[in-house]
Amino acid sequence: MNGMTSEDPNKTKAQRRGGWFAGGGALSGLGALIGALCCVLPLILINLGVSAALVGKLAFFARFQHYFMGGAVALLAVAIVAAFWKGRRPSKRVVIALALTAALIVAAYVMPLYEPQLLRWVNL
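This text gives an overview of the structure that appears in the document.

Parameters at a glance
Residues numbered from 1 in each chain as written. Predicted model: local features only at pLDDT ≥ 70, side-chain atom pairs only at ≥ 80, totals over all residues. Heavy atoms only, no water. Phe/Tyr/Trp six-rings, centres within 6.5 Å; stacked < 30°, edge-to-face > 60°. Buried < 20%, exposed > 50% of the residue type's maximum accessible area, 1.4 Å probe, protein only. Helix = DSSP H or I, 4+ residues; strand = E, 2+ residues; numbered from the N terminus. Contact = heavy atoms within 4.5 Å.

On to the packing of aromatic side chains, then. The tally for this structure, following the rule as stated, stands at 5 aromatic pairs. Centroid distance phenylalanine 60 to phenylalanine 61: 5.5 Å. Interplanar angle 75 degrees. Geometry classified as edge-to-face. With 6.0 Å between their ring centres and 45 degrees between their planes, phenylalanine 64 and tyrosine 67 make a pair best called tilted. For phenylalanine 64, a relative accessible area of 32% gives the class partly exposed. Within the aromatic cluster, the residues linked to one another by ring pairs are Phe60, Phe61, Phe64, Tyr67 and Phe68.

Quick look at the side chain of serine 28 now. The topology assignment puts serine 28 in helix α1 (residues 9-36). Not counting residues within four places of it along the chain, the set of residues in contact with serine 28 comprises Phe68, Gly71 and Ala72.

Here it is in structure tokens:
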């Protein structure tokens with residue numbers, strides 16, 4: 001009647017739930033990535049002129065990197081289940097959030113393997 005498609009209200013609510021979990025996973029994945037960059041990121045930030053006091057606060061992420069990583073993986077799993085439950089098709093925004101979360105988790109896992117090369121590159 002008003003030009004809008006009639007969607008099932010439960011579907012949009014479930015899509016929002018999947019989006020919230022995916023967003024939470026992305027934030028947790030970002031925390032894990034910051035923790036994984038514990039030696040490189042402070043050097044980069046200080047070279048960019050960021051205060052050393054602020055850079056010192058990043059140690060929090062390094063200490064709890066494994067918790068952030070576990071939280072991100074758990075939230076990603078719940079988001080995937082919530083988004084695709086019973087054959088639903090999530091919105092593009094939810095799919096992008098899921099992909100971003102997965103990319104952050106993979107980057108946080110892989111980054112410590114390349115940290116020596118990154119440190120050499122930053123110290124040039």
